Structures are given as C-alpha cells and as structure tokens.
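Observations on chain architecture
Residues per chain are reported as follows:
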Amino acid sequence: AQDDQLPQDGRISARGWSGSGRFRDIYTLALKPLPAGTYSLFIGLYDPETGARVPLADGSDSYHIGDLTLPQP
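Quantities reported herein were computed from a predicted structural model and do not represent experimental measurements.

When helices and strands are tallied, the protein shows 0 helices and 2 strands. Here the C-alpha atoms of the protein give a radius of gyration of 15 Å, more than 25% beyond the 11 Å that 2.2 N^0.38 yields for 73 residues. Projected onto the principal axes, the alpha-carbon positions of the protein cover approximately 45 × 30 × 20 Å. Burial status across the protein gives 3% buried among its 73 residues. For the protein, restricting intrachain contacts to residue pairs at least 6 apart in sequence, the fraction spanning at least 24 positions comes to 45%.

A separate point is the packing of aromatic side chains. This structure, assessed with the given rule, holds 0 aromatic pairs. Residue placement shows Arg53 over the ring face of Tyr46; its charged tip is 5.1 Å from the ring centre.

Here Ile26 lies in the segment before β1 (37–43). Between the C-alpha atom of Ile26 and that of Pro7, which follows or precedes it by 19 residues, the distance is 9.1 Å.

Let us look at the layout of surface pockets. Empty pockets left among the atoms are what a rolling probe the size of a water molecule brings to light. The volume enclosed by the largest pocket comes to roughly 1,600 Å³. Along the walls of the largest pocket sit 37 residues, with Asp3, Tyr27, Ile43, Gly44 and Leu45 positioned nearest its centre. Residue assignment for the lining of the largest pocket shows that the elements contributing at least two residues are β1 and β2 (63–70). With 5 residues, β1 is the single largest residue contributor to the lining of the largest pocket.

With that settled, consider unusual backbone geometry. Only a minority of non-glycine residues have a phi that is not negative, and only a minority of peptide bonds are not trans. We note that Gln8 has phi near 50°; this positive angle belongs to a residue other than glycine. By the secondary structure assignment, Gln8 is in the segment before β1. For Asp9, which is not a glycine, the phi torsion comes out positive at approximately 60°. When you line up the elements, Asp9 lands in the segment before β1. Using a relative accessible area of 56% as the deciding quantity, one classes Asp9 as exposed.

Right, let's talk about a nonpolar patch on the surface for a bit. On the surface, Leu29, Leu31, Leu34, Leu41, Ile43, Leu56, Tyr63, Ile65 and Leu68 cluster together into a nonpolar patch covering about 730 Å² of accessible area. For the nonpolar patch, the secondary-structure elements that each account for two or more residues are β1 and β2. With 3 residues, β2 is the single largest residue contributor to the nonpolar patch. Take Leu56: it is sitting in the loop between β1 and β2.

Reading the values: rules and limits
- Residues numbered from 1 in each chain as written.
- Predicted model: local features only at pLDDT ≥ 70, side-chain atom pairs only at ≥ 80, totals over all residues.
- Heavy atoms only, no water.
- Helix = DSSP H or I, 4+ residues; strand = E, 2+ residues; numbered from the N terminus.
- Rg over C-alpha atoms; globule rule 2.2 N^0.38 Å.
- Buried < 20%, exposed > 50% of the residue type's maximum accessible area, 1.4 Å probe, protein only.
- Contact = heavy atoms within 4.5 Å.
- Phe/Tyr/Trp six-rings, centres within 6.5 Å; stacked < 30°, edge-to-face > 60°.
- Lys NZ or Arg CZ within 6 Å of the ring centre and 35° of its normal.
- 1 Å grid on protein atoms, 1.4 Å probe; cavity = no way out; pocket = protein on both sides within 12 Å on 5 of 7 lines; lining within 4 Å.
- Points joined across faces, edges and corners; volume = space filled by probe spheres on them.
- Patch = residues over 30% accessible without salt bridge, like charges linked within 9 Å, V, L, I, M, F, W, Y side chains within 5 Å.
- Areas by Shrake-Rupley, 256 points an atom, 1.4 Å probe, with all protein chains shown as cover.
- Salt bridge = Lys/Arg side-chain N within 4 Å of Asp/Glu carboxyl O.

If you want it as structure tokens, here you go:
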C-alpha cells in the first residue's frame, strides 16, 4: 500500500523545512486483505518544485523506518 499526500493534508508547508525540525502527520494504509507476515515500512519525500522523489545520501529514494508484523486472523 502507498499513501502520497502533502504534509498534514496540505495544512502545513515543508518548503522551508531545514531538516532539523519535525512534522507530525498521520497516514492510514489499508492492510486488508493482506496475508499474515512481516512487511517493511518506508518513507520518502518529494521535491515541491519538480515533484520528483528526493534522493538520500546513499542514492535511494526512501528510508526504511521499521517493520510491521501482521498476525494470522
């Protein structure tokens, strides 16, 4: 699943973000009908001028923030 949207659904702008501050935001991903298992969670940012993904220092365009394990129903 993927959820691309502006920070806080457009209520705030990240244009002046220096990288030292934090934005709180909530994203909801539909997890049904995913089978039980472990899934990786990644985040990424888009350049507001071009719409392109912002590359990280290692050249990737997303950052692994953790894993989510879904149990058997």
